[in-house]
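Architecture at a glance
Spelled out, the chains give:
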Amino acid sequence: MTGALALRPGTPVRLPLVLALLLVGAAIAYPLTDGAPRNAVSWTIVLLGAAVSVTSAALSRGLPTGLGVLGLVAVVAVLFEALGLATGFPYGEYGYSDGLGPTLLGVPFLVPLAWLMMAWPSWVLAARLAPRSRPARVLVAAYVFAAWDVVLDPQMVQAGYWRWAHPSPGLPGIDTVPLTNLAGWLLAGLVLMTLLELLAGRRPSRGGDAAPLLVLGWMTLGGALAHAAFLDLPGSAVWGVLLALPVLAALGLRSRR
């Protein structure tokens, strides 16, 4: 039945792409707003991104996979974030502001939704780049997942959503986010992508991966452009492009083959 849902003409297979296009529109609006409107745009981006991930996974690989992705990412995100808040491991010491709303174990509800927005597109891209090797897919997906945060985290700190107790040492050009955060995201990415691989790795795609790839491309490269042109975050803009170059090169080689 889930296969019919994904393939039957006239079923809502375009829904993830529509959601992704709405997300792009919201992301364009982000640097053009401020204060309460910007907070509303941030919520909109994350909610749309999470919806893209769940609907794309469900329509391309079956409803059980979509629901599995939702539950798995939410649980892993809350556990890692709660551990980080309580102990400082693996990201370093940080704290959330009250602007992110209700929490679970100290973790704002918006945070696992942001993980969901990031995790599935990262895994989908890795599945394209390393279709024959499960370990390679996990490593590539964890790299993309962590690289995405290099762009996203300085923007969220600038917005006042969280603060680091010890932001130094950081990547050159980024003085608000410590290197421990990057190390923590790589570790969390390896754990999460291993679990996603076990969940979805043997389920062939029936199409519908364009939407999460669009979200990934726009939120990283488009985000880097916004950082450079509008948000006065040139360091994270440069790092976003540098970290994207190996992935773009691999995509180019893959397309030639």
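Structure: see above.
What comes next is a walk through the structure. Values in this document were obtained by computation on a predicted structure and should not be read as measured data. (Residues numbered from 1 in each chain as written. Predicted model: local features only at pLDDT ≥ 70, side-chain atom pairs only at ≥ 80, totals over all residues. Heavy atoms only, no water.)

**Structural notes on the overall build of the protein**
The condition that has to hold: Starting at the N terminus, helices and strands are each numbered in turn, a helix being any DSSP run of H or I of at least four residues and a strand any DSSP run of E of at least two. Here the globule rule is a power law, 2.2 Å times the number of residues to the power 0.38, and the radius of gyration is based on C-alpha atoms. Note on classification: 1.4 Å probe, protein chains only; a residue is buried when its accessible area is under 20% of the maximum for its type, exposed when over 50%, partly exposed between these limits. Calculation of accessible area relied on Shrake-Rupley with a 1.4 Å probe; when residues are assessed, cover is drawn exclusively from the protein chains displayed. His is not counted, nor are the chain ends, whereas Lys and Arg count as positive and Asp and Glu as negative. Positions of charges follow a simple convention, taking NZ of Lys, CZ of Arg, CG of Asp or CD of Glu.
A count of helical and extended segments in the protein gives 9 helices and 4 strands. For 257 residues, the compact-globule formula gives about 18 Å, and the C-alpha radius of gyration of the protein, at 17 Å, lands near that figure. Referenced to the eigenvectors of the C-alpha coordinate spread, the extents of the protein come out at roughly 50 × 35 × 35 Å. A total of 257 residues make up the protein; the buried ones form 49% of that total. Only carbon and sulfur atoms are counted for the fraction: they give 71% of the accessible area of the protein, which is about 11,800 Å². The averaged location of the 10 negative side-chain charges in the protein is 24 Å from the averaged location of its 15 positive side-chain charges.

**A look at the packing of helix α6 (residues 134–158) against helix α9 (residues 234–256)**
Convention followed: In this analysis an axis means a line fitted to C-alpha atoms, helices contributing only their contacting stretch, and an angle means the value between N-to-C directions, from 0 to 180 degrees. The cut-offs work like this: below 35 degrees is roughly parallel, past 145 is roughly antiparallel, 65 to 115 is roughly perpendicular, and the gaps in between are oblique. Here is the rule for handedness: rotate from the far helix to the near one, and if that takes an anticlockwise turn smaller than a right angle the crossing is left-handed, while a clockwise turn gives right-handed. The contact criterion used is simple: two residues touch if any of their non-hydrogen atoms lie within 4.5 Å. When residues are sorted by character, Ala, Val, Leu, Ile, Met, Phe, Trp, Tyr, Cys and Pro go into the nonpolar class, Asp, Glu, Lys and Arg into the charged class, and all the rest, Gly among them, into the polar class.
One can describe the packing of α6 onto α9 by two numbers: an axis separation of 9 Å at closest approach and a directional angle of 165°. Comparing their axes, α9 and α6 come out roughly antiparallel. When you trace α6 past α9, the crossing you get is left-handed. Note on element contacts: α9 touches α6 through S236, W239, G240, L243, P246 and V247, opposite Y143, V144, A147, V150, V151 and P154. In the contact of α6 with α9, the residues fall into 10 nonpolar, 2 polar and no charged.

**Quick look at the packing of helix α4 (residues 63–87) against helix α7 (residues 179–200)**
Contact pair α4 / α7: the axes reach a minimum separation of 10 Å and the direction vectors enclose 160°. Judged by the inter-axis angle, α4 sits roughly antiparallel to α7. When you trace α4 past α7, the crossing you get is right-handed. Within the contact between the two elements, α4 uses T65, G68, V69, L72, V73, V76 and F80 and α7 uses A188, V191, L192, L195, L196, L199 and A200. Of the residues belonging to the contact of α4 with α7, the class tally is 12 nonpolar, 2 polar and no charged.

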